[in-house]
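Chain residues, written in single-letter form:
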Amino acid sequence: MTGLSRTGKNGWIIASILVFSLTFTVSAAFGQNAVSVIVRDTSTRENLGGAQVYFDGGYSGDTSSTNETGIVVIPDVNPGAHTVRVTRPGYNENTTKFAYPAETTIEVLISKEALVSLNPDGPLPNAINIVFYPSSTSYSCINNAKLPAPDYITNETLFRNDVLNVINNTYLNLDQFTSPSNPLPDDYRSYFNFYYYYDPSSPADAFSGCSGSLPEGYWDNVTFSDVTVILYPTYYGRYANISCQPTGCTQIFGPGRSQMKAPANQERIVRLETGHALFGLDDTFCGDTYYWQNDPYPNVWSSLASCQTDAQSHDRDPAQCRQIESEDSPPSCIRNFWQWDPMPDVMAGAYGGTFGDAATQRINYVLSQARVGIQAQLGTGGPSPSLSQSGVGYL
Amino acid sequence: MRGIVIGCLVILLAGILCTPVTGTQPLSPNYDKILQIHLNYVDKLYSVSSMEVRYGRAPNLDILSGNLKGVILDSNGNVLKSFSFQEPGTTEGIISDPPRENTLIGYTETSSSGEMTITLPYLSDMQKFTLSDTGDGGSQLVSVDLNPPVAAFCTDYPRDPDCLVLVSPSTSAESHPDTALLAAILFSASLIIAIGIANRTIRRRTKMQTSEKPVVLIVDDEPDIVELITIFLRTKNYATLNANSGNACLDILKKQIPDLILLDVRMEPMDGWQTLEQIKKNPDFKSIPVLMLTGDTLTAQRAKQYNICMEDYITKPFLPEDLYTAIDRILMRKQKLKETLALTKNVGIEKEKLCEYAALTRRISINKRILDILRVPRGIPEQADLRTLDDMLVVDYLNVRTRDNEKRAEQLRREINSVLRGKGLPELGW
């Protein structure tokens, strides 16, 4: 090249074009500068077909369509640092960096993912994603102490059945616990994607922090969860002792990081915590809890006037607006917030009741928002009722 | 000349047509991506601790509501996505109420400090994210430039379709098998045209190094490399100066101050690192940004020794786009500071504060680049990780420094923006 440059700029340019052209032609014809990507299962070390391979972010092919299962050959790799990303349904994706030409064969190990979809036809794009996570701890009403609960981490079937039970008796029968004056859409059940995450080696601890704690790495693997439910096994001993009642809790750490905990056998608590975590509903009892006017379609207002105006505009009786206060007389607890929904209200204590008109209106709002997203994705008149509308599809 | 170019094009097309096809039609490639913004909050003051674009699915933002409002803006300032969500730190729980049978009472704790992560879907042309508190009169809590995380992602995944949109189509050859041929032809044709333009430019070279064009000093002892980089840079309207050694570089600097120095590491007798030391020792030269260019891997020790001196580090061989991106990033930073200084003159913002902010953002950006380079490729066996304890300490050191710098920069940004808002001026966009 140095010699050529001395002969003049034109010579250099022509030589560059020639070298480039010939290099490209030769490399193309003889498959030079190629890198082989071998995709294997982490535990069995067997080559895996059906994996999609991306080179530097661009799709390169899948490991079933080549002559040798598990291998994709990437041609025309330039010297330098590169990335290979491998995805496969049911597996965690893996991205590997490598340097070419130092490495010409790249082995990418992928492991089975812990996330299990419970939708019979698979997840629906833009639907509401609820992920259940098993807790390895529960609470003993005999000792009044947290204790290890191996139930779920040693028995996936038990956990799965408990999850299905909760789904069927809370999320899929919401219409039985909401106000008939604001009926839910007929196909509301199909607005949900349900999953459970099962990795017995790293369970959640429902009794570490108010809403429990999830293992590090969970949020990295599950970025799309709208609500993550830490489900814990039934308390040990009986609930007869009033000082030992099952608890629930919701905490939100930003969009995609809402978590709640609830006991598997207390559907009322699941309902109440879902009211917080998914539907953004406020508690309506008087106590040490967090109140705010949860617009739009609130179930708690920051003034009587707001409550009454809202009631009027939604054909509800404004006279039912009342301050949040305890039932004793004179009330030992009064808050500067107002509610409309009659008792027994799910959001008033989890011991029964239904979601009132106001709460149901908000539930409908959230479902309608989800529906818009699903419709936008499907480009049709709405989600197809692929899930059972009777709620038995998950059993 | 024309005949030769046409001949070359024919050879090139023949080569393309001979390219063996591997794989078949793709099975719905999955390019879903998210942007994650990690924030720290203390008493409703939010600061960004890190941001990243990665592959993954986003949660459903449309079903959320709350006092905090997030907005994603495009390059024209239009809203791409707007959503509301609940402020973090609030806990709503139920516990038993022993005095009253069958009654549960509420349990709440509001943590005034902690961490929050905002997971957003990746959107084309996303440029800025703002977070405001609608319950507090709409005061802006966070405003961040989304270009750095997008650029970092595209460094690792240059062939991702969203990255191909951001750069020239010449790098898109392998992104889709069904478009590979077209992309390869476009690539070849555009390369030939580019070289043709470069050739004409060289032939017409007279007095083009005017002061209006940014001047880049290329320091490399390999004339071919200098020649090649010169062609690349001139097609992008940069003026260039050349030096074939460290000493020649220092001689040129005595006569002319360039906007940027591209410095090769492997030179004799004075290597690139020694030249860098000499440049930074001289008060007249020390403010010139230096971009290191080398075939060697950056070691942790070198990174620690020189991270405060260099602006970026590019490994040969490199794509022209890598070079343009790095140069643009450095020169844009300089330009933005200049513009902001002019804009904020006489509005009550101390120049020192603005300069400290600029220096910190520069340092954060460089440290992140260095940390990216030092990061060990994932998936390699443990025994292949040859990093020493010292290397890891350097990485830790850089991480800690970066976090400290980010906290201070965020504090300064808020103070500066608060003044700018008060004066009705646009807030810092960098």
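Residues numbered from 1 in each chain as written. Chains lettered and ligands numbered in written order. Predicted model: local features only at pLDDT ≥ 70, side-chain atom pairs only at ≥ 80, totals over all residues.

S.K.: What is the right way to look at the overall build of chain A in this model?
M.R.: Secondary structure summary: chain A contains eight helices and 18 strands in total. The contacts of chain A with a sequence gap of at least 6 include a subset with a gap of at least 24, amounting to 62%. (Helix = DSSP H or I, 4+ residues; strand = E, 2+ residues; numbered from the N terminus. Contact = placed C-beta atoms within 7 Å.)

S.K.: Before we go on, may I ask you to explain the environment of Pro289 of chain B in this structure?
M.R.: All names here are of chain B. Inspection of the secondary structure assignment puts Pro289 in the loop between α7 (272–281) and β13 (290–294). Under the C-beta neighbour-count criterion, Pro289 is labelled buried, with 20 such atoms within 10 Å. Sequence-distant contacts of Pro289, that is, excluding residues within four places in its chain, are made with Leu260, Glu311 and Ile330. (Buried ≥ 20, exposed ≤ 12 C-beta atoms within 10 Å, placed from the backbone.)

S.K.: Would you take a moment to explain helix α7 (residues 304–313) of chain A for this structure?
M.R.: All names here are of chain A. Within the span of α7, buried status applies to Cys307, Asp310 and Ala311. The buried residues of α7 occupy an angular sector of 100 degrees when the element is viewed end-on, so they sit on one face. Turned more than 90 degrees away from the buried face of α7, the exposed residues are Ala305, Gln312 and Ser313. Residues of α7 that are buried make contact with β16 (300–301) and β18 (334–339). Backbone geometry just downstream of α7 places Asp315 in the positive-phi region, at approximately 60 degrees. (Arc of directions from axis to C-beta.)

S.K.: How do you make sense of unusual backbone geometry when you look at a structure like this?
M.R.: Leave glycine aside and you will find that most residues have negative phi; peptide bonds, for their part, are mostly trans. All names here are of chain A. Cis geometry marks the peptide bond from Tyr100 to Pro101; its omega dihedral reads 10 degrees. Checked against the element boundaries, Pro101 lands in the loop between β6 (94–100) and β7 (105–110). Here the bond from Met343 into Pro344 is cis, since omega is 0 degrees, no more than 30 degrees from zero. Considering the arrangement of structural elements, one finds Pro344 in the loop between β18 and α8 (357–378).

S.K.: What exactly am I supposed to notice about the sheet that holds β7 of chain A here?
M.R.: Strands belonging to one sheet form pairs held by backbone hydrogen bonds; the direction of such a pair is parallel or antiparallel. Residue and element names in this part refer to chain A. Spatially, three strands are ordered β4-β1-β7 in an open sheet, and the strand pairing comes out mixed. This sheet does not close on itself; its edge strands, each paired only once, are β4 (71–74) and β7. Shown here is a sheet whose adjacent strand axes are inclined to one another by a mean of 20 degrees, direction ignored. The pairing of strand β1 (residues 35–41) with β7 spans six bridges and is parallel. Note that in β7 the partner of Arg40 across the bridge is Leu109. (Pairing = 2+ DSSP bridges. Axes fitted to C-alpha atoms, helices over the stretch in contact; angles between N-to-C directions.)

S.K.: What's the story with the pairing of strand β5 (residues 80–87) of chain A in this structure? I'm lost.
M.R.: Note on strand geometry: in a regular strand, side chains alternate between the two faces of the sheet. Residue and element names in this part refer to chain A. Burial within β5 is extensive, with six of its eight residues counted as buried. Across four bridges, strand β2 (residues 52–55) lies against β5 in antiparallel orientation. Bridge pairing in β5 links Val53 to Val86. Across seven bridges, β5 lies against β6 in antiparallel orientation. Each bridged residue has a counterpart across the sheet, and for Thr83 the counterpart in β6 is Lys97. Between the end of β5 and the start of β6, which pair antiparallel, lie six residues, with Gly90 showing a positive phi angle near 85 degrees.

S.K.: Looking at this structure, I do not really get the packing of helix α4 (residues 156–171) of chain A against helix α6 (residues 267–277) of chain A. What am I missing?
M.R.: Two quantities define a packed helix pair, namely the angle between the helix axes and the distance between the axes. Residue and element names in this part refer to chain A. Contact pair α4 / α6: the axes reach a minimum separation of 10 Å and the direction vectors enclose 65 degrees. With respect to α6, the axis of α4 lies roughly perpendicular. In the crossing of α4 with α6, the sense of the turn from one axis to the other is right-handed. Each of Val166, Asn169 and Thr170 in α4 lies in contact with α6, whose residues at this interface are Glu267, Val270, Arg271 and Thr274. (Parallel < 35°, antiparallel > 145°, perpendicular 65-115°, else oblique. Left-handed = near helix turned anticlockwise from the far one by under 90°.)

S.K.: Quick question: what am I supposed to make of the confidence of the model for chain A here?
M.R.: Detailed reading of the predicted model is not advised wherever pLDDT is low. All names here are of chain A. On average, residues of chain A score 85 in pLDDT, and 84% of them are at 70 or above. The least confident element of chain A, judged by mean pLDDT, is helix α1 (residues 2–6) at 36; the most confident is strand β9 (residues 128–134) at 98. The low-confidence segment residues 385–395, where pLDDT is below 50, has 26 contacts with residues more than four positions distant or belonging to other chains. (pLDDT = per-residue confidence, 0-100.)

S.K.: Would you mind showing me how to read the nonpolar core here?
M.R.: Across soluble globular proteins, nonpolar side chains have a tendency to be buried as a group. Tyr133, Val229 and Leu231 of chain A are the most contacted members of the largest nonpolar core, which totals 107 residues. Residues contacting Tyr133 of chain A, with those up to four places away along its chain left out, are Tyr197, Ala204, Leu214, Thr228, Val229, Ile230 and Leu231 of chain A. If you look at the next biggest cluster of nonpolar residues, it comprises 35 residues, including Ile231, Leu233, Leu260 and Leu398 of chain B. (Core = buried A, V, L, I, M, F, W, Y, C linked by C-beta atoms within 7 Å.)

S.K.: Teacher, can you tell me more about the environment of Tyr196 of chain A here?
M.R.: With respect to the secondary-structure elements, Tyr196 of chain A resides in strand β12 (residues 192–197). With 33 residues separating them in the primary sequence, Tyr196 of chain A and Val163 of chain A have C-alpha atoms 7.8 Å apart.

S.K.: Just checking my understanding: could you explain the confidence of the model for chain B for this structure?
M.R.: Residues and elements named next belong to chain B. Averaged over all residues, the pLDDT of chain B is 75; the fraction at 70 or higher stands at 72%. Counting interchain partners and residues more than four positions distant, the pLDDT-below-50 stretch residues 4–26 has 50 contacts. Segment residues 168–184 is flagged for pLDDT under 50; beyond a separation of four residues in sequence, or across chains, it makes 35 contacts in the model. In the predicted assembly, ipTM is 0.86 and pTM is 0.63.

S.K.: Help me understand the sheet that holds β2 of chain A in this model?
M.R.: Residues and elements named next belong to chain A. As summarised here, the arrangement of the four strands in space is β3-β2-β5-β6, forming an open sheet in which the pairing is antiparallel. Every interior strand has two partners, whereas the edge strands, β3 (58–62) and β6, have only one. Strand-to-strand, the axes of this sheet are offset by a mean angle of 25 degrees, without reference to chain direction.

S.K.: It is not clear to me how the pairing of strand β14 (residues 248–252) of chain A should be interpreted in this structure. Could you clarify?
M.R.: Residues and elements named next belong to chain A. Taken across its five residues, β14 has five buried, putting it largely inside the fold. The two faces of β14 match: Gly248, Thr250 and Ile252 on one face and Cys249 and Gln251 on the other face are all buried. Pairing of β14 with strand β15 (residues 258–263) involves four bridges; the strand directions are antiparallel. Paired with Ile252 across the strands is Ser258, a residue of β15. Taking the residues that link successive antiparallel strands as the turn, the β14-β15 hairpin has five residues, and the phi of Gly254 there is positive, at about 110 degrees.

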